[in-house]
Each structure stands twice: as C-alpha cells, then as structure tokens.
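Results of the structural survey
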Amino acid sequence: MLIWDLFKMAMRSLLANKLRTFLTALGIIIGVASVISMISIGEGARQQTLSTIAKFGTNIITVKPGQKKNRHVRSGKVETLTLDDAYAINEHIRRITGVAAQVYQSKQLKYGNKNSNSLVRGVGPAYARLANFKIDHGRFFSEQEVKSFRKVAVVGATVVKNLFQGADPVGKTIKVEGNNYVVIGTTEPKGALSWFDPDDQIFVPVSTAQKRIFGMDHVEAIDVQARNIEEIDAIKKDVKQLIRARHNIPLGKENDFFVQNSSEWLNSWGDAAKTFTYLLGGIAAISLMVGGIGIMNIMLVSVTERTREIGIRKAIGAKRKEILQQFLIESVFISFLGGGIGIGLGIIISKTVSKIGGWDTIVSFQTILLAFCFSVAIGVFFGFYPANKAAKLNPIEALRYE
Amino acid sequence: MIQVEKLGKVYQLGRHELAALKDVSFEIERGEYVAIMGPSGSGKSTLMNLLGCLDLPTTGKYRLESIDVQTLDQNQLAEVRNKRIGFVFQNFNLLPRATALENIELPLLYGRVPNPQKIALQALEKVGLADRAKHRPNELSGGERQRAAIARALVNQPAIILADEPTGNLDSKTGEEIMDVFGRLNRDGTTLIVVTHDPIIAGHSRRILKMQDGRLVGENAPC
C-alpha cells in the first residue's frame, strides 16, 4: 500500500466526520495560536527594550557607589564616590575617550507660568557624547563652565514641549529650585521607554548641581567611555584598582563601589525578557498539550467505532504497519491542519495586539517552525497509542465486532 | 493444494481450555468445490479461520500451496491472506464509505499491484456488476453487495475462496444467484470452500466435509 493511498483513506474518514475533525483540530489551533502570539508578544517586548537601551551606547562603563553581588545591587546610603574620582579616572586610565560624572534628582522646573517636574541631571561636558545625546540647537556646556559653577542648562525635547510649547528656548531663563538658569542648548529627541522618558530632563554642570541644587559632595555615577568594546574588561580592572587605591580600601576588603558596563546590563535585561517569553510560551504549550490529549481521545473513539473496518482490512491483507500508518496519518493530519490554521490565527492575534496595544510583536520564522513541528510531533505522539491499538487488533474478533 | 494434518485449536477462556478443533485432517485439490457443514459450535468457524490464515493452529500442520502456514509470522500471514485467499462473509463486510470499485481495489492496493483500477473493473465485470462500480454499498441490493464482495475476494486471483455462510443474509432467490456465481467461478477453475449449515447450499458443492464437536465426522458427495 502506497502512502498516497493511505492518505486518501485517511482523508475520506476525516471528511466523513467534518465537525468532529474540526473540533479535534480546534484544540491544536488554539494551542498553536497561543504559542505563536505569546512568543511574538514576548519577543517584541524584548527587542523593543533592548533596542531602546542600546541607544544609550554599549561601550560605556559605569562606576556606582555601593556593592554588587551576582547582579543584585546592594546599595545603602553610600556617598564615597566623588567628582575627584572622575577627574582621577580621566587623568590616569588609558584607552578611554571620555569620563562624565553625574548626579540626578527630579525637580520642579518653571518658565513663566508653566511648570514641569523633570529630572535634573548634573553632568560633565563629556556626558552628551557618552550618552548619545545630540545637540539640536545651541551647545552643550564646557569644562570651564563646570569648573566655574555656571548656572546654565541644556534641555530635552519633552521639556521644550512642556515648558516652551515647542518654541526655541535658547537664551531664555528657567527657574530650578528658585534659581535662574540660562538655557544654552536643546537635545534631539531620543524617544521614550515605557518607564522613563530620556527627553524629559535637563542637563546642568555637575558642580553646579552638587552645590546649588542638591547640596551634596558625592556623585551618583561616573560614566567612562571605552575606546573600543574589546578593551572594556581591561579598563574595568584598571578603574577598580584606581578607585580602591583612592578610597584606601585594604586588601581583602570589598569595594565600596561597583563597576558595570552597559552591555552587561543589556544582557541581564535581555535574559529577564527571555525568561518572560519562555514563560508565556510554556503556558501556551500546555494548551497545545491539552489539544494533543483531545486528539488521542477522539482517535481512541474512532478506532473502537471502526473495529470492523480494521478487521476487514486485515482479512484482505493489511499488515499491522499499514493499519498503524493509516491511523497515524489521520491524527497527524488533524494536528497538521490545526497547526496550519493556528499559525494563521496566531499571526492575526499578534498583529491585532500590536495594532491595538501599540506594542511591537515579532513573529519569527523560528517561532512558526517551532510551533508547527511541535504540533505535528503532538499528532504523532498522541496518535501513536490509538493507532497501535488498531494495528494490534485480532482480525477474527474485529470482524465479529458489532 | 491444501493439506491439513491433525489440526487442533485450543482456546484459553480464562482458566478453562476449550478445544474448538481436534485432530482434523483432510486434503483439498486444486479446482475443488467443497462445503464444510455442521451445527453451530461444531468447529467449522474455527476451521474456516485457520484455513483463511486469520489464526494459527495450536497443534498440527496446515500446508497451503507448499507454504507451511503454522510457521508464519503476522506479516507473512497478512501477505498470504492478501495473495492466496479470498474471503466472502455472511454480512458482506464491504467498507461503507468506499464505492464498490474502491472496495475491490483495496486488496490490490495492499498487495501493491500495478493498475488496480483496471483489474478491479475486470473483477466487477466477472460478477456482472460493472455498471454499479461507482455506487456505495448502501446503494446496492443485498445480492449486489455479495457479488461485490465476491469480486473483491477473487481480484487478487487467490488460490482459494473461502465463503462463510455466503447466503445467510439473502433471500433464497438471491442466494441461488450467488450460488450460481460460485458455480461459474468453480467451473472456471477457482477452488472454493463454503462453510454452511444449510444442506441446500452445501448441495451445490461436489464434496461435503461434516463437522461435529470439533472433529471431522464424515465426508460424502452431495445427495
């Protein structure tokens, strides 16, 4: 018996019970559709997050006060990192192209009768380059302006929109904590993350921010730009050594600061998002599993119903293998059908989600292939037991079955 | 062609053993037309199953065209059933969803015979059913169904055709027609074994084997 003939036979019996075939396939349809849409939503979220994070630069090493253990940051009130540490790094560490210390807090900004609560970030002049902020109008402040505690500010696009209604703010004066600051430049918009809008901030010289706005002596982070990514590990080592020496940390004692680079951060973020995707996919896979059990159930009923047919086939010369194949083809076809429709439905669902939710979804070829192979495997796996039961029937008893 | 030697079959029913067939020996030559008769429970169905290679004997030997059937495995038995044996059942046993032609093609498909459709049509012509090729069993009369079943039995040119009460579900007139078909096939050289309890049906054969309590109790020519 050729596979094609077996296929025709399987089709005939599936078509004879169209509704039953469809309902059996429905379990697989729902399973595959949910696997595809869940994974595509998870993947979309991951890619979106990563690409936004990547905009902030990947060759940046950040030194922060506190301690780091296995990616968990343990940070109390540690105020050991200073502006001088930043200057020391700039002076002594080789293979770097920029250093920028920073302090930041949310503060109320005022211009005329307009208010906005934005992040005020006190930074060094290299920060704009390090954090990939491009100047739209005007200029960023200089080292000289940092040294002389000047009250100048560079404002982000969202601030321009909220305080100045989009008008050019360069040369205007805004109030921060009651003090006047002259706007000397604006930055190009970067686009908002879901939890943070990088354009809703203003930049002031770090020294000015420390003394005049926040009233603090320490800095909250020092960003160091590596000349190239391959040298990041070496630079990290040098920076650690330097700061340990400057902070007089004896041998064997833990650092009172930690050093991480953005790609590391990117990776741990990516890992978290991946776990989320797997979780969603896993939950969806359970429904695919339930669909498989549905196939097994119906195939068992079908084998019992068709006992006599199996007896006839055996009497006229069907071998066990051929009976097995015939029933296996039926269950695989059901899951094949379910898989196909499920893929279509899954794509529609993820497109709808991205349209309605404004959320990118990514339907990758791998996801489709995975869902499809998985559903066909389920057809084989759950179809095998009923098919084997049919193949092993005793022809005499099967022929006598009423 | 068929040599049966001290054939015995014991069924295990729970803890009890039931000897359905005991020490049956006979020979059937090519082209014979034999009836196996006996009351129900006499072992004729068991003998039929063994002759049809649907089951293996517990003891004894069964030779079919120089094949020692008792030594075969399941796959080989299936192949013997396909190539050398044609079954005709009391209740026709056609596949309800397939047309008459497709039903008759089926043994050819399992036997991987080329041009199954053409051969199946020839078999249908032989039983005078060529115009019913595209009909499903439920669109055929009882006699037509049995003729389709006969066509299916002979389509692979088997060594023997085994018929189990072939007229049991037919009225006597249709039954006679079926027996005429059998008679014609036999005159054309087909070896026929008919199992029946009906003496009139057995009367069409040229040799009657009588069974009782699992034994062959007599053999005679029809009266």
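Predicted, not measured: the structure shown is a model, and the values here were computed from it.

**A few points about the overall build of chain B**
- Along its length, chain B carries 7 helices and 10 strands.
- Taking 2.2 N^0.38 as the reference for a compact globule, 223 residues should give roughly 17 Å; the C-alpha atoms of chain B span a radius of gyration of 17 Å, in line with that estimate.
- Overall, the C-alpha framework of chain B stretches about 50 × 40 × 35 Å when taken along its three principal axes.
- By the burial criterion, 54% of the 223 residues in chain B qualify as buried.
- Pairs at least 24 apart in sequence give 69% of the contacts found in chain B among residues at least 6 apart.
- Put simply, chain B shows about 10200 Å² of open surface, and 46% of that area lies on carbon and sulfur atoms.
- Across chain B, the centroid of the 28 positively charged side chains sits 3 Å from that of the 27 negatively charged ones.

**Observations concerning the sheet that holds strand E2 (residues 16-28) of chain B**
All names here are of chain B.
- Pairing is antiparallel across the open sheet formed by 4 strands, whose spatial order is E2-E1-E4-E5. In this open sheet, the two strands that pair with only one neighbour each are E2 and strand E5 (67-68).
- Alignment of strand E4 (residues 59-64) against E5, held across 2 bridges, turns out to be antiparallel. From the neighbouring strand, Arg 63 faces E5, where its bridge partner is Asp 68.

**Describing the sheet that holds strand E6 (residues 85-88) of chain B**
Residue and element names in this part refer to chain B.
- Read from one edge to the other, the open sheet built from 6 strands follows the order E6-E7-E8-E3-E9-E10, with strand pairing classed as mixed. On the outer flanks of this sheet lie E6 and strand E10 (215-220), each paired with one strand and no other. The average angle at which neighbouring strand axes cross in this sheet is 20 degrees, direction not considered.

**Observations concerning the domain arrangement of chain A**
- Once the domains are mapped, chain A shows domain 1 (3-51 + 268-400) and domain 2 (79-255).
- Each of domain 1 of chain A and domain 2 of chain A has a C-alpha centre, and these two points are 56 Å apart.

**Focus on the nonpolar core**
- Core analysis: the largest hydrophobic core is formed by 72 residues, its most contacted members being Ile 2, Phe 26, Leu 47, Leu 51, Tyr 62 and Ile 160 of chain B.
- In terms of residues, this core owes the most to one element, helix H2 (residues 18-54) of chain A, which gives 7 residues.
- Those residues in contact with Phe 26 of chain B that lie beyond four places of it in its chain are Ile 2, Gln 3, Val 4, Leu 47, Leu 51, Arg 207, Leu 209 and Leu 216 of chain B.
- With 59 residues, the next largest nonpolar core counts Val 204, Ile 232, Ile 243 and Val 259 of chain A among its residues.

**Let's talk about the pattern of salt bridges**
- Tallied over the entire structure, the rule returns 26 salt bridges over all chains.
- Notably, a salt bridge pairs Arg 20 of chain A with Glu 305 of chain A, separated by 2.8 Å at the nearest N-O pair. Note that Arg 20 of chain A is positioned in helix H2 and Glu 305 of chain A in helix H9 (residues 262-305), a separation of 285 residues in sequence.
- The class for Arg 20 of chain A is partly exposed, based on a relative accessible area of 25%.
- A residue is classified by how much of its surface remains accessible, and Glu 305 of chain A, at 48% relative accessible area, is partly exposed.
- Between Lys 107 of chain A and Glu 177 of chain A there is a salt bridge; the shortest N-O distance is 3.7 Å. Of this pair, Lys 107 of chain A sits in strand E4 (residues 96-111) while Glu 177 of chain A sits in the loop between strand E8 (173-176) and strand E9 (179-187); the two residues are 70 residues apart in sequence, bridging distant segments of the chain.
- On the accessibility criterion, Lys 107 of chain A (14% relative accessible area) is buried.
- Using a relative accessible area of 46% as the deciding quantity, one classes Glu 177 of chain A as partly exposed.
- Through salt bridges that share partners, Arg 306, Glu 309, Arg 313 and Glu 330 of chain A together with Arg 97 of chain B make up one connected network.

**Topic: the interface of chain A and chain B**
- Taken together, the contact pairs 24 residues of chain A with 24 residues of chain B.
- Inspection of the region where chain A meets chain B yields 4 salt bridges.
- Linking Glu 79 of chain B and Lys 319 of chain A is a salt bridge whose minimum nitrogen-to-oxygen distance equals 3.4 Å.
- Taken together, the connections running from chain A to chain B amount to 7 residue pairs in polar contact (both at pLDDT 80 or more).
- Looking at the side of chain A that touches chain B, the elements that each hand over two or more residues are helix H1 (3-16), helix H10 (307-315), helix H11 (320-357) and helix H13 (395-400) of chain A.
- Per-element accounting of the side of chain A that touches chain B gives the leading share, 6 residues, to H10 of chain A.
- A per-class count over the side of chain A that touches chain B returns 10 nonpolar, 3 polar and 11 charged.

**Side note on the pairing of E8 of chain A**
Residue and element names in this part refer to chain A.
- Burial along E8 is one-sided: the face carrying Ile 174 and Val 176 is buried and the face carrying Thr 173 and Lys 175 is not.
- Sheet topology places E4 next to E8; 2 bridges connect them, and they run antiparallel. Within E8, the residue paired with Leu 109 across the bridge is Val 176.
- Bridging between E8 and E9 involves 4 bridges; their strand directions are antiparallel. Residue pairing across strands places Lys 175 opposite Asn 180, the latter belonging to E9.
- Counted along the chain from E8 to the antiparallel partner E9, the turn is 2 residues long, and its residue Glu 177 has a positive phi close to 55 degrees.

**Observations regarding the packing of H11 of chain A against helix H12 (residues 365-391) of chain A**
Residue and element names in this part refer to chain A.
- Where H11 contacts H12, the two axes come as close as 7 Å, and the packing angle between them is 150 degrees. Compared by their axis directions, H11 and H12 come out roughly antiparallel. Of the two possible hands of crossing, H11 and H12 adopt the one that is right-handed.

**With respect to the environment of Gly 342 of chain A**
Residues and elements named next belong to chain A.
- Among the structural elements, Gly 342 can be located in helix H11.
- With a relative accessible area of 0%, Gly 342 lands in the buried category.
- Taking the C-alpha atoms as reference, Gly 342 lies 56 Å from Asn 113; in sequence the two are 229 residues apart.
- Once residues within four sequence positions are removed from consideration, Gly 342 is found in contact with Ile 29, Val 32 and Ala 33.

**Comments concerning empty space enclosed by the protein**
- Summed over the entire model, instances satisfying the criterion amount to 2 cavities of 30 Å³ or more.
- For the largest cavity, the calculated volume is near 60 Å³.
- What lines the largest cavity is Ala 315 and Ile 316 of chain A together with Arg 81, Asn 82, Ile 85, Gly 86, Phe 87, Pro 107, Arg 152, Ala 153 and Asn 156 of chain B.
- Put simply, the parts of the chain that give the lining of the largest cavity at least two residues each are helix H2 (74-84), E6 and helix H5 (142-154) of chain B.
- Here the lining of the largest cavity takes 3 residues from E6 of chain B, the largest share from any one element.
- Here the second largest cavity is characterised by a volume of approximately 50 Å³.

**A few points about the packing of H1 of chain A against helix H3 (residues 100-110) of chain B**
- For the pair H1 of chain A and H3 of chain B, the least separation of the axes is 12 Å and the interaxial angle reads 140 degrees. Here the hand of the crossing between H1 of chain A and H3 of chain B comes out left-handed. Judged by residue contacts, Asp 5, Met 9 and Arg 12 of chain A of H1 of chain A engage Glu 102, Leu 106, Leu 109 and Tyr 110 of chain B from H3 of chain B.

Criteria and cut-off values
Residues numbered from 1 in each chain as written. Chains lettered and ligands numbered in written order. Predicted model: local features only at pLDDT ≥ 70, side-chain atom pairs only at ≥ 80, totals over all residues. Heavy atoms only, no water. Helix = DSSP H or I, 4+ residues; strand = E, 2+ residues; numbered from the N terminus. Rg over C-alpha atoms; globule rule 2.2 N^0.38 Å. Buried < 20%, exposed > 50% of the residue type's maximum accessible area, 1.4 Å probe, protein only. Contact = heavy atoms within 4.5 Å. Areas by Shrake-Rupley, 256 points an atom, 1.4 Å probe, with all protein chains shown as cover. Lys, Arg positive; Asp, Glu negative; His and termini not counted. Charge placed at Lys NZ, Arg CZ, Asp CG, Glu CD. Pairing = 2+ DSSP bridges. Axes fitted to C-alpha atoms, helices over the stretch in contact; angles between N-to-C directions. Domains from an automatic or database assignment. Core = buried A, V, L, I, M, F, W, Y, C linked by side-chain atoms within 4.5 Å. Salt bridge = Lys/Arg side-chain N within 4 Å of Asp/Glu carboxyl O. Polar contact = N/O pair within 3.5 Å; in protein donor to acceptor, adjacent residues only side chain to side chain. Nonpolar A, V, L, I, M, F, W, Y, C, P; charged D, E, K, R; others polar. Parallel < 35°, antiparallel > 145°, perpendicular 65-115°, else oblique. Left-handed = near helix turned anticlockwise from the far one by under 90°. 1 Å grid on protein atoms, 1.4 Å probe; cavity = no way out; pocket = protein on both sides within 12 Å on 5 of 7 lines; lining within 4 Å. Points joined across faces, edges and corners; volume = space filled by probe spheres on them.

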